[in-house]
Amino acid sequence: MNKRIRALLLCVLMVASLLSMAACSDEESKADPTTKPSEQSKPITGKLNYQVKLVNGVGQPYTEGLIVTFVSADGKEALATVNAEGVATKELDAGEYSIKVASTDAAAVLSYDENAKVTAEAPELELVLANAMGESFETINANSVTMEGNLSYDAYFVNVGSTAVSVTAEDRNYFLFVPTEAGKYELSVTDNAATIGVYGASTHYIMGQSTVEPVDGKISINVAADMIGSGNTGTTVFVIGLDVAEGTESCVLNIIRIGEQDWTVDQEPWSIYAPKLEIKDYVLPEGITLKEFDLTASTDACKLVLNEQDNCYHLNTADGPMVFVQLGKPMYGICLMDMVGEIVYGSDGTLMQTGSAPFRYMYDNGREDFFKEDYTDAMRQYVTARDKASGVYPLNKDLFYILPKGIEQLGWCREDTVNYLFGTEEGINREIAWMFLLMHEDAPVSELPENPDNTEDPNQGGTTENPNQGGTTQNPNQGGNTQNPNQGGTTQNPNQGGSTQNPNQGGSTTPKPSEPIEDNKDTPIEIGGVLEFNAEVKANHIVYYNLYKVNDANLTIKSSDAYIIFDGKTYEAKNGSVTLSNLQSDDVTLPVKIAIGNKGTKDQTFKATLSYPKGHRENPYTFNLGANKTETAAGNDLGVCYKWTATKTGTLTITIDKCSSKFGASITVTRVVNGIPVQETIEDGANSVSIDVKSGEKIEIIIAAKPNSKYQYPKATIETTATIA
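Not measured: the values here are computed from a predicted model. Counting of residues starts from 1 at the beginning of each chain's written sequence and follows it residue by residue. In keeping with the model being predicted, local features are shown solely for residues with a pLDDT of at least 70 and side-chain atom pairs are shown and tallied solely at 80 or more, while totals for entire chains, interfaces and linings include all residues. Where side-chain values are given, they derive from all heavy atoms of the structure, hydrogens and water being excluded.

### Here's the deal with the overall build of the chain
In step 1: Secondary structure counts use DSSP, requiring at least four H or I residues in a row for a helix and at least two E residues in a row for a strand, with both numbered from the N terminus. Counting secondary structure elements, the chain contains four helices and 50 strands.
In step 2: Considering the chain as a whole, with its 725 residues, one finds that 38% of them fall into the buried category.
In step 3: In what follows, residue pairs with any heavy atoms lying within 4.5 Å of each other are defined as contacts. Contacts in the chain between residues at least 24 apart in sequence constitute 65% of all its contacts with a sequence separation of at least 6.
In step 4: The accessible surface values rely on the Shrake-Rupley method and a 1.4 Å probe; as for residues, cover is taken only from the protein chains in view. For the chain, the exposed surface amounts to about 40,000 Å²; the carbon and sulfur share of it is 48%. Partly exposed describes any residue whose relative accessible area lies between the buried limit of under 20% and the exposed limit of over 50%, with all areas from a 1.4 Å probe on protein chains only and scaled to the type maximum.

### A short note on the pairing of strand β50 (residues 716-724)
In step 1: Of the two faces of β50, only one is covered, namely that formed by A716, I718, T720, A722 and I724; the face formed by T717, E719, T721 and T723 stays uncovered.
In step 2: Only strands that DSSP links by at least two bridges are regarded as paired with each other. Across seven bridges, the pairing between strand β43 (residues 626-632) and β50 is antiparallel. By the bridge assignment for β50, K629 is matched with E719.

### A look at the pattern of salt bridges
In step 1: In the sections that follow, a salt bridge refers to a side-chain nitrogen of Lys or Arg positioned within 4 Å of a carboxyl oxygen of Asp or Glu. This model, assessed by the stated rule, comprises 17 salt bridges.
In step 2: Put simply, E64 and K694 hold a salt bridge, and the shortest N to O gap is 2.8 Å. Taken together, the residues span a long stretch of sequence, with E64 in the loop between β1 (47-55) and β2 (66-71) and K694 in the loop between β48 (688-693) and β49 (698-705) at a distance of 630 residues.
In step 3: By relative accessible area, which is 26% here, E64 ends up partly exposed.
In step 4: Here E518 makes a salt bridge to K521, at a shortest N to O gap of 3.9 Å.
In step 5: E518 sits in the partly exposed class, given a relative accessible area of 38%.

### Section: the sheet that holds strand β19 (residues 271-272)
In step 1: The mixed open sheet is built from three strands, whose spatial order is β19-β27-β26. Each edge of the sheet is formed by a strand with only one pairing partner; in this case those strands are β19 and β26 (360-364).
In step 2: Sheet topology places β19 next to strand β27 (residues 370-374); two bridges connect them, and they run parallel. Bridged to I272 within β27 is D374.

### Some thoughts on helix α4 (residues 397-410)
In step 1: In a helix, the anticipated span is given by 1.5 Å times the number of residues less one. When the terminal C-alpha atoms of α4 are compared, their 21 Å separation across 14 residues agrees well with the 20 Å that a helix rising 1.5 Å per residue should span.
In step 2: Along α4, the residues that are buried comprise D398, L399, I402, L403, G406 and I407.
In step 3: Summarising the contacts, the buried residues of α4 are in contact with β23 (323-326), α2 (336-340), β26, α3 (376-385), β28 (392-394) and β29 (438-441).
In step 4: At the N-terminal boundary of α4, the capping side chain belongs to N396, with an oxygen 3.2 Å from the backbone nitrogen of D398.
In step 5: Looking at the residues trailing α4, positive phi occurs at G411, about 75°. Between N or O atoms, a polar contact is any pair within 3.5 Å; within protein, one atom must be a potential hydrogen donor and the other a potential acceptor, and residues adjacent in sequence are included only when both atoms are from side chains.

### A closer look at the packing of aromatic side chains
In step 1: In this scheme Phe, Tyr and Trp rings, the latter by its six-membered ring, pair at centre separations within 6.5 Å, and the angle between planes marks the pair as stacked below 30 degrees, edge-to-face above 60, and tilted otherwise. Tallied over the entire structure, the rule returns 24 aromatic pairs.
In step 2: One aromatic cluster in this structure is built from Y332, F359, W412, Y420, F422 and F436.
In step 3: By definition here, charges over rings are those cases where NZ of Lys or CZ of Arg is within 6 Å of the ring centre and within 35 degrees of the ring normal. Here the basic side chain of K372 rests over the ring of W270, its NZ or CZ set 4.5 Å away from the ring centre.

### Digging into the nonpolar core
In step 1: Residue types Ala, Val, Leu, Ile, Met, Phe, Trp, Tyr and Cys, when buried and joined through side-chain atoms within 4.5 Å, form a set referred to as a nonpolar core. The biggest cluster of nonpolar side chains holds 52 residues, and the ones touching the most others in it are F359, M379, L403, W412, F436 and L438.
In step 2: For this core, the secondary structure elements donating two or more residues are β22 (312-315), β23, α2, α3, β28, α4 and β29.
In step 3: Looking at this core element by element, the count peaks at five residues for α3.
In step 4: The residues contacting L403, other than those within four sequence positions of it, are V325, L336, F359, M379, L395, W434, L437 and L438.
In step 5: By size, the runner-up hydrophobic cluster in this structure holds 24 residues, among which are V543, A553, A562 and I594.

### Quick look at unusual backbone geometry
In step 1: The phi torsion at D216 lies on the positive side, around 55°, for a residue other than glycine.
In step 2: If you trace the backbone, D216 turns up in the loop between β15 (195-198) and β16 (219-223).
In step 3: Located in the positive-phi region is N582, a residue other than glycine, with phi close to 55°.
In step 4: Mapped onto the elements, N582 comes out in strand β39 (residues 578-583).
In step 5: N582 gets classed as partly exposed once you look at its relative accessible area, which sits at 45%.

### Details of the sheet that holds strand β36 (residues 553-557)
In step 1: Pairing is antiparallel in the open sheet, where four strands are placed in the order β34-β41-β36-β39. Taken across any chain shown, the strands that pair with only one partner, and hence form the sheet edges, are β34 (532-537) and β39. Each adjacent strand pair in this sheet contributes to an overall mean axis angle of 20°, direction not counted.
In step 2: As paired strands, β36 and β39 are joined by four bridges and run antiparallel to one another. The partner of I557 across the bridge, within β39, is V578. Each axis is a line fitted through C-alpha atoms, and for a helix only the stretch in contact is used; angles between axes span 0 to 180 degrees, taken between their N-to-C directions.

### Quick word on α3
In step 1: Taken across its 10 residues, α3 has eight buried, putting it largely inside the fold.
In step 2: Residues of α3 that are buried include every one of T376, D377, A378, M379, R380, Y382, V383 and A385, and no others.

### Looking at the pairing of β48
In step 1: Alternating positions in β48 separate cleanly, V689, I691 and V693 being buried on one face and S688, S690 and D692 remaining unburied on the opposite face.
In step 2: As defined by bridge partners, strand β45 (residues 650-659) adjoins β48 across six bridges and the pair is classed as antiparallel. Residue pairing across strands places L652 opposite I691, the latter belonging to β48.

### Some points on the packing of α3 against α4
In step 1: Interhelical geometry of α3 versus α4 gives an angle of 125° and a closest axis separation of 11 Å. It follows from the interaxial angle that α3 and α4 lie oblique. Judged by the twist between their axes, the crossing of α3 over α4 is left-handed. The segment α3 lies against α4, with A378, M379 and Y382 engaging D398, L399, I402 and L403.
In step 2: Residue composition of the contact of α3 with α4, grouped by class: six nonpolar, no polar and one charged. Put simply, angles under 35 degrees are roughly parallel, angles over 145 are roughly antiparallel, angles from 65 to 115 are roughly perpendicular, and the rest are oblique. Crossing handedness is defined as follows: a turn of the near helix away from the far one that is anticlockwise and smaller than a right angle gives a left-handed crossing, while the clockwise case is right-handed. Polar here means any residue other than Ala, Val, Leu, Ile, Met, Phe, Trp, Tyr, Cys and Pro, which are nonpolar, and Asp, Glu, Lys and Arg, which are charged; Gly is therefore polar.

### A closer look at the confidence of the model for the chain
When pLDDT drops low, the exact placement of atoms in the prediction is not to be read closely.
In step 1: A score between 0 and 100, pLDDT records how confident the predictor is in each residue. In the predicted model, the chain carries a mean pLDDT of 80, and the fraction of residues at 70 or more is 78%.
In step 2: Within the model, pLDDT remains below 50 along residues 144-148, and this stretch shows two contacts once partners closer than five positions in the same chain are excluded.
In step 3: Considering only residues more than four positions removed or in separate chains, one finds that residues 445-496, a stretch of pLDDT under 50, has 84 contacts.

Structure, rendered in structure tokens:
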């Protein structure tokens, strides 16, 4: 081979070698231009900051009450709490960690991707967190345009926030939302293939089509203040429906409050009318004939005059025929008893009632001048107290105020409304048309004596005798005292303990009291949720009461004339007051049944006061940092309650130093987070309990002795030390 050929071959080899080196260099530069070839397979080591951000179904962060646990491959755990941005951060050795999430609320059940991990290559993670679907549901009836008849479904209750719900594609999935706060709410589902709708605001019959159109997959609903419920009028229940794609088994339903509701008078809550007069069961005296009002009569012929003695209205004069409200018999197709419903208590003490139509009045003349008042509860009470045979009750100040307003609002006497009752009748006097619910004693006013020589009223059938001759004077239609207006004297029934006086002689006689009269033994007055109430008891009478929610309360009446009957025993006043201790009724449906008596010689109003012993949740001690000593009485299963206000942000720890009981002690610490109690209890075998607190937070602490095997609670002295760090 000549020199020329060898030179050419050498050049070719050199070019090939250069191309090969360039190709290798290009591959290396593509892999990582900043990393040397020897560093390409080197693992990440050292310490790294791992971050997990917890958000709800619409991307909003959870900022408190959650703990993230980082679990390494060998099972080691490291904990971190979320910050104000919803991020839990932990410095850990580089590696792979599984993620667990827990709530500081022991009762909370959370749902999230339990396969979520963070790695050295991907140390940051955003995790969608939701509440698990609860077990509470209601059976509803739904109508479908594609199916015949009504179908029943189990509709599960969901709350504000994000809820992981179980679903099926076979049919529509229903959920019930019961708002507790007025405002604007946005409903959505974190599944692009799912469709959401609102199918009515009733759990009894559901519409086939959604009542609200979704916009960009979201539905907005407005919850007005009067939809939250007042008294017994109830709260609106929204029925939510989800249609999902084939194969979908779960998704996240989001209910987010996005703002306040724009003000209108319709959204203002109704003021609940409280009767000004005591409502007592009424029995119409025998021999009384009632007559309906002539609604075509002149206004002057139908004047209603208040009698200040009996607080009831009479026809044309204060001593004229008594006027009654017809509550039980339908008149012109209207029956208030059927409309507002009667309050009935079942044998177990549960409140039962029928009827649902509200009896209300609303006036609106702009933002500064509006008025809304609901009379439904008051009318139910009067319906319950009516004379059961005739259905009537005397027209008193309450009913005289309520009826015209309620009737005006409903339009029963207004010709311009569809509810007008008298379309087929001629000559109705509009000024007295509202009296169609009234009746009066069938006794013409002209026949009433103007200046009688005796006290006998022939139209009422009552008899008046000289009280010194043993007779009694009582108007059977009023049930109270009878006074001769021409004499000015007062005549009382001597069996009621009052004084009897002949106004023409000026002398007085106080008869010896007989057996006390039991006023309302069969229908006790219901008292609940108050610390004071007035007991109006006539002389030598007994009034019965049902007291609710008075767990461990003491009842005291400061009067030498008062006495209390409880559980077959009579408790007399000592040193000017009578006290009944340790009443037990923590169940709202189970009352404490008592009676209050008046052994005095005049009618009295006793102020009954309920109080709680020191250390009760309603009357707690003040807790202090440092050493504390707690004394618990034998049989005390509630423990001793303390209130403490955090002086700084940190972790409160309470340690049991000594307990005189061999069965040990328990400590429960509770703080409220977003309206939900977050509780920590000392664990068996441990001697301390800790809870995170914020400066200014009010904390409840209950220290108690543990029971023996027979659940008997011993007397104990418990010494503790409290610190915050």
